[in-house]
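# Overview (structure and organization)
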There are 2 protein chains.
Amino acid sequence: MTGYPVSMIALIFLALLGQGTAGPTPKPAGYCELEPSLVEEIQGYKTAVQKINEAVTNGKAKGKVYEELATFVDKFGFRMSGTKNLENAIDYMLNKSMDLGLDNVHGEPVTVPHWVRGHEEATLLKPRQANLKLLGLGGSVSTPKDGITAKVLVVQSFKELENRANEAKGKIVVFVEKWESYGKTVTYRVNAAVKTAEAGGVASLIRSITPFSISSPHTGWQAYKKGVKQIPTAAITVEDAEMLLRMSKRGEEIEINLKMEANMMDPVQSRNTVVEVTGHENKDEYVLVSGHLDSWDVGDGAMDDGGGAFISWYSIVLLKQLGLVPKRTVRAVLWTGEEEGLIGAAAYKNANPVNNLVLAMESDEGTFSPRGISFKGVPKAVCIMKEVMKLMTPMNATDFTLSNDIGSDVMVWANSPVPLAALANANEKYFWFHHSDGDRMTVENSKELDKCLALWASVSYVVANLSVRLPTV
Amino acid sequence: MTGYPVSMIALIFLALLGQGTAGPTPKPAGYCELEPSLVEEIQGYKTAVQKINEAVTNGKAKGKVYEELATFVDKFGFRMSGTKNLENAIDYMLNKSMDLGLDNVHGEPVTVPHWVRGHEEATLLKPRQANLKLLGLGGSVSTPKDGITAKVLVVQSFKELENRANEAKGKIVVFVEKWESYGKTVTYRVNAAVKTAEAGGVASLIRSITPFSISSPHTGWQAYKKGVKQIPTAAITVEDAEMLLRMSKRGEEIEINLKMEANMMDPVQSRNTVVEVTGHENKDEYVLVSGHLDSWDVGDGAMDDGGGAFISWYSIVLLKQLGLVPKRTVRAVLWTGEEEGLIGAAAYKNANPVNNLVLAMESDEGTFSPRGISFKGVPKAVCIMKEVMKLMTPMNATDFTLSNDIGSDVMVWANSPVPLAALANANEKYFWFHHSDGDRMTVENSKELDKCLALWASVSYVVANLSVRLPTV
């Protein structure tokens, strides 16, 4: 998951439902009226869903997606956009997909940024000497070779910086913002450098965007603004941020030396990885399942987004293995360049006709125990998807929530009629590991991954095989 | 808390109680018969306990122990035995104690080891290149300058190493032991080097001794054995240990380069820090409250054992401030050299007469929300302490459990008749941070520390002021 502040708007859709129907009494909010034959058809998929679930949780496919993900992650480690390692990982997935006889296996070209972190070091010089752990934020400029040595202004919000702007000139500004939620708090990562530069500061450091820390800094992309000086920007640990805040509140003079060798290289050619189970009736129409293959350059990208990419990819493997070929195509796309701002998804959207896209599904918020899906679509599509989710009782994952803020990559279709869906899962600890060295296979659990896969394959199969296309009007 | 495997024996005391009494029907296990006047006397301390609790949770002392601890920790950071920084921290505590007018303020000499970590680096060379985070274990020898490059044998237990001893020769042995409990699992930290060397291995790496990780290695002391070659030994993260285990199970050849500059220097003169509220009737007899001031060379030692040291020290400050001078003395000792094997406590025991020690209390397992105490003593003492703990209702911390395994430092008196007590608290996450960079002020909570302090000051005051000395026979 990138970290673009797309998650601002939340759960405000709804209650449009059941309004178009003519009748003497108003229908309750959320009421759905589907033709009985369609309801019957959907409930008829119980057998298929059971078959999928049985294969994944008790049968031949049990534990396989975890095994494939672990093998991949252990082989490549992190997969940063712009690196040869990411391209090797993409080749591996394409070759493996061809070996397994998946359909329409190919890469689609995407030009991605290539930012290189280089050596990073922050030293507290006053009131005492200490090393501060840090991670430069994506796209940051470097410092001079000997670093920037400057006094520190500690603030707890942009508002406070505004009020104390006259103290910021020539200083390193440290933001010790409060964690509220990722959607609300990530603005400090995205905008700290610009706000600091506008106030005359020379570098910005933020408290890592996480609710919990074991001295673990968290990176992520950030945004410079045209016309505003680009200054070095990095995240420090929660622990160090809180220490600096305490020192500041005591009136102690704080001085830091910040060294960053960050470098923005020329853009690099990368690829979205595409594999399918091609439909047998209307193969041009397709349900998209997706996650991103690229990762940050810390941890191993096992959670963000190895898990999401692999349940998407393995859904295709599984449907092929089980001989479940739907009417329409189910296509897995493993995005590239997600972390730098949905670069792969944007390229895909430009290169592929939108009218064939029946439903765009994404898993990029963890693959912990699944709960169901969140969904964006017109009322008639909502009614169908609600009925489909009733089938997910074997995985105990029948939750259905409406949201205008679905996933990250598929948000490139947010302003189109394309229905969107994201995996809902027990991801309360997701941001403990997100964009940090803690994003490793240890976070993933084989049984949970199996359940996510069973849900993912089932939903995509059923929607791809329905007698009606998911409505967009 | 050091990490010596003192915690093996657990909760096996009990049921000795209520046996010496003559009577027709046997008393139930745990039955206590105290003279009614003594019960009445103990319950008479309700007012004193309320006064202490009120001062700490609502009054002038509210938040003070957190503030003092944070000021100290932010000023000195970690305080490793053998360093000038630890001695500066001890001077600071002595000076502060004198400024506050505490009684009998002095340092008592202790010779402590001086082990210096130096630069450390572990590189996975096969099956792929990756940096492995590590922390050398205390007392480890160094590697040659270019490190040790060797193939790896991964085992999950000492038993497995025994069975595969013929594969260990010339290899780095990686222990991926299962976390069971600190007491059970720490044997891998303590004994990995010896077991590896005995099997012909050249270095040992262990999965850090923790139930949870965000890519955080955990250090701790380890023990070489006379006559067995001393080889370099370190802890890697849970994440890397699990990765190496997966690679090994796949049959992949693993090779690591391990570099450690560790150095054992000459021993150094340090001090236990002693302060008192001197008793007004029998000042030679005393209740000891204690924690250790030294720490590991990672994190800040805020939890291990800043919290324990500061509730002990502040108990004295508080009793003085409240004018609660007991009949006997309450003495706080802030141990030095705990992490290297209870060095300060052992020196104190040798230098001070044991017969004056009424009760030895220690807090070295966290200062989270208090629950009560664990205790070791004769049945009559148990009965008294149970009655005393009934007073701790204002802190909601009346738990009383018997154990032969109390704390760490005070275990130097384990084979003596001295009654021992340790703070019981909600420390379920203690080992998440223990001996790692995560041991920072962020772990500590002002309100929880206040409650621990109220308990600590109350128990020590009441026992020091009782009409009877806590029995030892």
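One structure accompanies this document, and this report is about it. Worth saying up front: this structure is predicted, and the values here are computed from it rather than measured. (Residues numbered from 1 in each chain as written. Chains lettered and ligands numbered in written order. Predicted model: local features only at pLDDT ≥ 70, side-chain atom pairs only at ≥ 80, totals over all residues. Heavy atoms only, no water.)

## A few points about the state of the cysteines
Residue and element names in this part refer to chain A. Applying the stated criterion across every chain yields a total of 2 disulfides over all chains. With its sulfur 2.2 Å from that of its partner, Cys32 forms a disulfide with Cys383. For the disulfide bridge between Cys32 and Cys383, the dihedral angle about the S-S bond is near -90°, and by the sign convention the bridge is left-handed. In this pair, Cys32 is assigned in the segment before α1 (36-43) and Cys383 in helix α11 (residues 379-389), connecting sequence segments 351 residues apart. Of the residues examined, Cys32 reaches a relative accessible area of 25% and is grouped as partly exposed. (Disulfide = S-S within 2.5 Å. Helix = DSSP H or I, 4+ residues; strand = E, 2+ residues; numbered from the N terminus. Buried < 20%, exposed > 50% of the residue type's maximum accessible area, 1.4 Å probe, protein only.)

## Comments concerning the interface of chain A and chain B
Every contact between the two is made by 32 residues of chain A and, on the other side, 32 residues of chain B. At the boundary of chain A with chain B, total buried surface from both sides reaches about 2500 Å², with 52% on carbon and sulfur atoms. The largest share of the area that chain A buries against chain B comes from A:Asp74, A:Ile214 and A:Arg440, three residues that together contribute 27% of it. Counting the contacts that link chain A with chain B gives 10 salt bridges. As a salt-bridge pair, B:Arg250 and A:Asp74 come within 2.8 Å of each other at their nearest N and O atoms. Elements represented by at least two residues in the side of chain A that touches chain B include exactly α3 (64-76), α8 (238-249) and α12 (430-433) of chain A. When its residues are assigned to classes, the side of chain A that touches chain B shows 12 nonpolar, 8 polar and 12 charged. (Contact = heavy atoms within 4.5 Å. Buried area = accessible area lost by both parts, 1.4 Å probe. Salt bridge = Lys/Arg side-chain N within 4 Å of Asp/Glu carboxyl O. Nonpolar A, V, L, I, M, F, W, Y, C, P; charged D, E, K, R; others polar.)

## A look at the nonpolar core
The biggest cluster of nonpolar side chains holds 81 residues, and the ones touching the most others in it are A:Leu359 and A:Phe375. Per element, the largest residue contribution to this core is 12 residues, and it comes from helix α13 (residues 446-465) of chain A. Counting 80 residues, the second-largest nonpolar core is a separate cluster that includes B:Leu318, B:Leu359, B:Val382 and B:Val462. (Core = buried A, V, L, I, M, F, W, Y, C linked by side-chain atoms within 4.5 Å.)

## Notes on the side chain of B:Glu108
Residue and element names in this part refer to chain B. Mapped onto the elements, Glu108 comes out in strand β1 (residues 103-116). Among buried charged residues, Glu108 stands out as having no salt bridge; its nearest opposite-charge side chain is Arg331, 4.9 Å away. A polar atom in the side chain of Glu108 sits 2.8 Å from the side chain of His106. Setting aside residues up to four positions removed in sequence, Glu108 forms contacts with Ser270, Arg271, Asn272, Val274, Tyr348 and Asn352. (Lys, Arg positive; Asp, Glu negative; His and termini not counted. Polar contact = N/O pair within 3.5 Å; in protein donor to acceptor, adjacent residues only side chain to side chain.)

## Some details on the relation of the copies chain A and chain B
For the match of chain A to chain B, the screw axis carries a shift of 0.0 Å, the RMSD comes to 0.0 Å, and the turn is 180°. Within this description, the copies of the chain are treated as partners about a two-fold rotation axis. Across chain A, the smallest distance between a C-alpha and the rotation axis is recorded for A:Ile214, namely 3.1 Å. (Least-squares fit on C-alpha atoms with pLDDT ≥ 70 in both.)

## Here we look at the pattern of salt bridges
Under the counting rule described, the total for this entry stands at 44 salt bridges over all chains. Residue A:Arg117 is joined to A:Glu120 by a salt bridge in which the shortest nitrogen-to-oxygen separation is 2.9 Å. In terms of burial, A:Arg117 and A:Glu120 fall into one category: buried. For B:Asp240, the salt bridge identified is with A:Arg440, shortest N-O distance 2.7 Å. You can see B:Asp240 sitting in helix α8 (residues 238-249) and its partner A:Arg440 sitting in the loop between α12 and α13, one on each of two chains. The exposure class assigned to B:Asp240 is buried, which follows from its relative accessible area of 3%. One network of salt bridges, with partners in common, ties together A:Asp74, B:Arg246, B:Arg250 and B:Glu252.

## Brief notes about empty space enclosed by the protein
All names here are of chain B. Here the structure, examined in full by the defined rule, presents 1 cavity of 30 Å³ or more. Every residue along the wall of the largest cavity is listed here: Ser295, Trp296, Val298, Gly301, Asp304, Glu339, His435, Ser436 and Asp439. For the lining of the largest cavity, the residue count by class is 2 nonpolar, 4 polar and 3 charged. (1 Å grid on protein atoms, 1.4 Å probe; cavity = no way out; pocket = protein on both sides within 12 Å on 5 of 7 lines; lining within 4 Å. Points joined across faces, edges and corners; volume = space filled by probe spheres on them.)

## What about the environment of A:Phe158?
All names here are of chain A. Here Phe158 shows up in helix α5 (residues 158-163). For the pair Phe158 and Gly118, spaced 40 residues apart in sequence, the C-alpha to C-alpha distance is 29 Å. Discounting residues that sit within four places of it in the chain, Phe158 has contacts with Phe175, Thr187, Tyr188, Asn191, Ala192 and Lys195.

From the geometry alone we can't say anything about function, so treat these as descriptive.
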